[in-house]
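Structural overview for review
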Amino acid sequence: MKFRKDINGLRAIAVMAVVLFHFNSFWVPGGFAGVDVFFVISGFLMTGIIFRGIDRQTFSLWKFYKARADRIIPALAVLCLALALFGWFFEYDVVYKTISKHIIASLGFISNIIYWRESGYFDASSHEKWLLHTWSLSVEWQFYIIYPLVLVVLRKLMSAGATRVIILLGAVAGFVFCAVATSRAPDAAYFLLSTRAWEMMVGGVACLYPFSSGEKWKKPLEWVGLALIIISCFLVSEENPWPGYLAALPVLGAFFVLQAQRNDSLITGNVLFQKLGAWSYSIYLWHWPLVVYMYSYMAITAVNSLLLIGLSIILGMLSNMFVERKASGKAMLALWLAALGAAGIVYMNNGHFDIRDRSNDAGNQFITSYNNYKMDPTGLFNKCNASLQMRDTGKPQVDDICISSTTGGVFLWGDSHMGSLSTGLRYEMPKGMPFSQLTSSGCPPSFTMKRNGSDRFDQGCDYSNGMAYRAIMKARPEVVILGAASHHESVDWSETVSRLHDMGVPRVIIMGPFPQWEPSLPQAYVTRHMGEKYISDFTFTRSLIDSNNYLKALHAKNDDFVFVDMLDHLCFTNDRGHLSCRARVGDSLITFDYGHLTVEASRFVAKNYVVPLL
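Bear in mind the structure is a predicted one, so any value in this text is a computation, not a measurement.

Observations concerning the overall build of the protein
If you tally the helices and strands in the protein, you get 26 helices and 10 strands. Against the compact-globule benchmark of 25 Å for 614 residues, the protein has a radius of gyration of 27 Å, which places it among compact chains. Of the contacts made within the protein by residues no fewer than 6 positions apart, 78% connect residues no fewer than 24 positions apart. A total accessible area of about 26000 Å² is found for the protein, and carbon and sulfur atoms account for 60% of it. Taken together, the 53 basic and 47 acidic charged side chains of the protein have centroids lying 9 Å from each other.

Okay, structure coming up:
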């Protein structure tokens, strides 16, 4: 096939959209759509290779797989080796073991499945996962394994024309399935091949059904395609379920650019985009670890972001020149085995080596203790969390012990952050006061909001909120405490409070958000603030301030509930105008992860700020 400058330029647009989004989502709020553009390009190229080989009777599955391995593995393996070396010198045992696990998953091309399974409410933040971006490589590799097999079988059973129709219909059916699946199981839809394959098949359709429009239509077609990609980058955001039906924007955009076939385009054919396109794979590989590095070790500023973006491009260029172009065959296999072997040794040793300084660091035991932290010794946190019960038992439910058989007292309703508060309330409330608890991970309290999804978070949430009316009517509490971790602006608090009063609840308390840090307080504390009681750290989740202000404004207009402003109680503005928040209660941190209260902190909050209101 003749070299396509437009494809190289399209790669450049896609990779820079992703890179800019990851370093600062405010710059390009929908930049993640660049991955979808990559999928279309990949499907276009692979379909062409396979069909041409079959038509010429020269296609070999072994040669196809080997060519894909030579293209993907060397640069990925070098990155994994670099991360293994970095982890040896700079990461504590817990993090180092996780890095090794993710290296193995990435080089085994199952990281999309691993990250899907880790996408739960308590799992590590995305900015703790050094190889999170490899999920897309795993999706592509899985497609590369299955797609040529299917095409070879189809061509043996039917004509080329019938095979083309099958691919077209498959792309349409895949899009419909993706739209439905995203609304019901968004985590699975994001990470798994079943909801991404249609994007690569659209690329196949572009290859098999080239437009025969004249030259005068090529430029408008390109412009329409680029406009759709740009629209998806700036009008879509993380708040939109993805991929879903909105993924049609970047996918069709890439489809139209491919159909335009403009090798003389100033937009995609310029020298800068040609270089970035050539380096795009390696830029993509290196940029995300630099994002994680910034969130872990640097101030999150525009200047630092721009510096690391520049470094991503430089490393991508070097990787392309000295790894992508050089390593194949035996060199590829050697790099793959070396990276897998190194990661396997680290994983089997749980990241701990006596000769490693980081393993012997005082902070290592500290952070390990919080990684294995048991937030509720009674086990009631799990038993009263519908989502966790579904994980453990296969059914969204809560234990009977969670709803008091004695009327009156306190009813706690909300997400897992309210669950972490329940431990302190059980300790600090007057003895004999009835207490009920109904929670589900990631689920704000509401009588009206429905998710109708199929994963445990959605099903647990719908069960918990659906059960709330019956449980509250049974318990007849004197006080209902409501709360959620974040995004309070999207919760119908006023309606919920009004409904509770109509049900006969005399007093309603809404808890403001607890302080939160990304990726976690233990990591920020060990890295920069050992020994400090109050900390001002750039990893503080600043969006909580907006959520908290929303609740304050709502309370100013509605005195039907009591508002407990936890940011006001636990934080203050320091001399430099920065928010400084309590990090410790006694010898314990206030959160063991990004924002769930430790037992000591839960008792402290309950005793000082909640129980006096009861």
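Anyway, onward from the coordinates.
So, the packing of aromatic side chains
Geometrically, a pair of aromatic rings is defined through the distance of the ring centres and the angle of the planes. Under the criterion given, the structure shown has 30 aromatic pairs. Ring geometry for W135 versus Y190: centroids 5.0 Å apart, planes at 45°, classification tilted. With W135 in helix α6 (residues 135-157) and Y190 in helix α8 (residues 186-191), this residue pair connects regions lying 55 residues apart in the sequence. Grouped by ring-pair contacts, the aromatic residues F59, F64, Y65, F109, W141 and Y144 constitute a single cluster.

Some words on helix α20 (residues 416-428)
The end-to-end C-alpha distance of α20 is 19 Å, a good match for the 18 Å that 13 residues give at a rise of 1.5 Å each. The principal kink in α20, of about 25°, is found at S422. In terms of residue burial, α20 counts as a mostly covered element, since 10 of its 13 residues are buried. Along α20, the positions that sit buried rather than exposed are S416, H417, M418, G419, S420, L421, S422, T423, G424 and L425. The secondary structure elements touched by the buried residues of α20 are α18 (380-383), β1 (410-414), β2 (435-439), β3 (479-483), β4 (507-511) and α26 (599-610). Of the residues flanking the start of α20, the one acting as N-cap is D415, its side-chain oxygen 3.1 Å from the backbone nitrogen of H417.

Some thoughts on unusual backbone geometry
With omega at 10°, the peptide bond leading from W242 into P243 counts as cis. Assignment of secondary structure puts P243 in the loop between α10 (215-235) and α11 (248-260).

As for the sheet that holds β1
The sheet built from 5 strands is open, its strands ordered β2-β1-β3-β4-β6 with parallel pairing. Strands with a single pairing partner mark the edges of an open sheet, and in this sheet they are β2 and β6 (562-564). Taken over all neighbouring pairs, the strand axes of this sheet differ in orientation by 20° on average, direction set aside. With 3 bridges joining them, β4 and β6 adopt parallel strand pairing. Following the sheet pairing, M511 is matched in β6 by V564.

Quick notes on the state of the cysteines
Put plainly, two cysteines are in a disulfide when a covalent bond ties their sulfur atoms together. In this structure the tally under the stated criterion is 3 disulfides. Two residues, C384 and C402, share a disulfide whose sulfurs are 2.0 Å apart. Disulfide C384 to C402: torsion about the S-S bond roughly -95°, handedness left-handed. Here C402 lies in the loop between α19 (386-393) and β1 and C384 lies in the loop between α18 and α19, a separation of 18 residues in the sequence. The burial state of C384 is the same as that of C402; both residues are buried. C571 shares a disulfide with C581; S-S distance 2.1 Å. The sign of the S-S torsion, about 105°, decides the handedness of the disulfide formed by C571 and C581: right-handed. Taken together, the positions of C571 in strand β7 (residues 571-573) and C581 in strand β8 (residues 579-582) put the pair 10 residues apart, joining distant regions of the chain. A residue is classified by how much of its surface remains accessible, and C571, at 8% relative accessible area, is buried. In the protein, the bonded cysteines, numbered by position in the sequence, are linked as 1-2, 3-4, 5-6.

Observations regarding the environment of E222
Looking at where E222 falls in the secondary structure, it is placed in helix α10. Among all residues touching E222, those that are not within four sequence positions of it are V257, A260, R262, S265 and T268.

Points about the pairing of β2
A large share of β2 lies buried, amounting to 5 of its 5 residues. Of the two faces of β2, the one lined by F435, Q437 and T439 and the one lined by S436 and L438 are each fully buried. Strand direction decides the pairing type here: β1 and β2, joined by 5 bridges, are parallel. Note on β2: the bridge partner recorded for F411 is S436. Chirality of the crossover, the property in question, places the unit of β1, α20 and β2 among those that are right-handed.

Cut-offs used in this document
- Residues numbered from 1 in each chain as written.
- Predicted model: local features only at pLDDT ≥ 70, side-chain atom pairs only at ≥ 80, totals over all residues.
- Heavy atoms only, no water.
- Helix = DSSP H or I, 4+ residues; strand = E, 2+ residues; numbered from the N terminus.
- Rg over C-alpha atoms; globule rule 2.2 N^0.38 Å.
- Contact = heavy atoms within 4.5 Å.
- Areas by Shrake-Rupley, 256 points an atom, 1.4 Å probe, with all protein chains shown as cover.
- Lys, Arg positive; Asp, Glu negative; His and termini not counted.
- Charge placed at Lys NZ, Arg CZ, Asp CG, Glu CD.
- Phe/Tyr/Trp six-rings, centres within 6.5 Å; stacked < 30°, edge-to-face > 60°.
- Expected span 1.5 Å × (residues − 1).
- Bend = angle between axes of the 7 residues up to and from the residue.
- Buried < 20%, exposed > 50% of the residue type's maximum accessible area, 1.4 Å probe, protein only.
- Polar contact = N/O pair within 3.5 Å; in protein donor to acceptor, adjacent residues only side chain to side chain.
- Pairing = 2+ DSSP bridges.
- Axes fitted to C-alpha atoms, helices over the stretch in contact; angles between N-to-C directions.
- Disulfide = S-S within 2.5 Å.
- Right-handed = clockwise from strand over helix to strand, strands pointing away.

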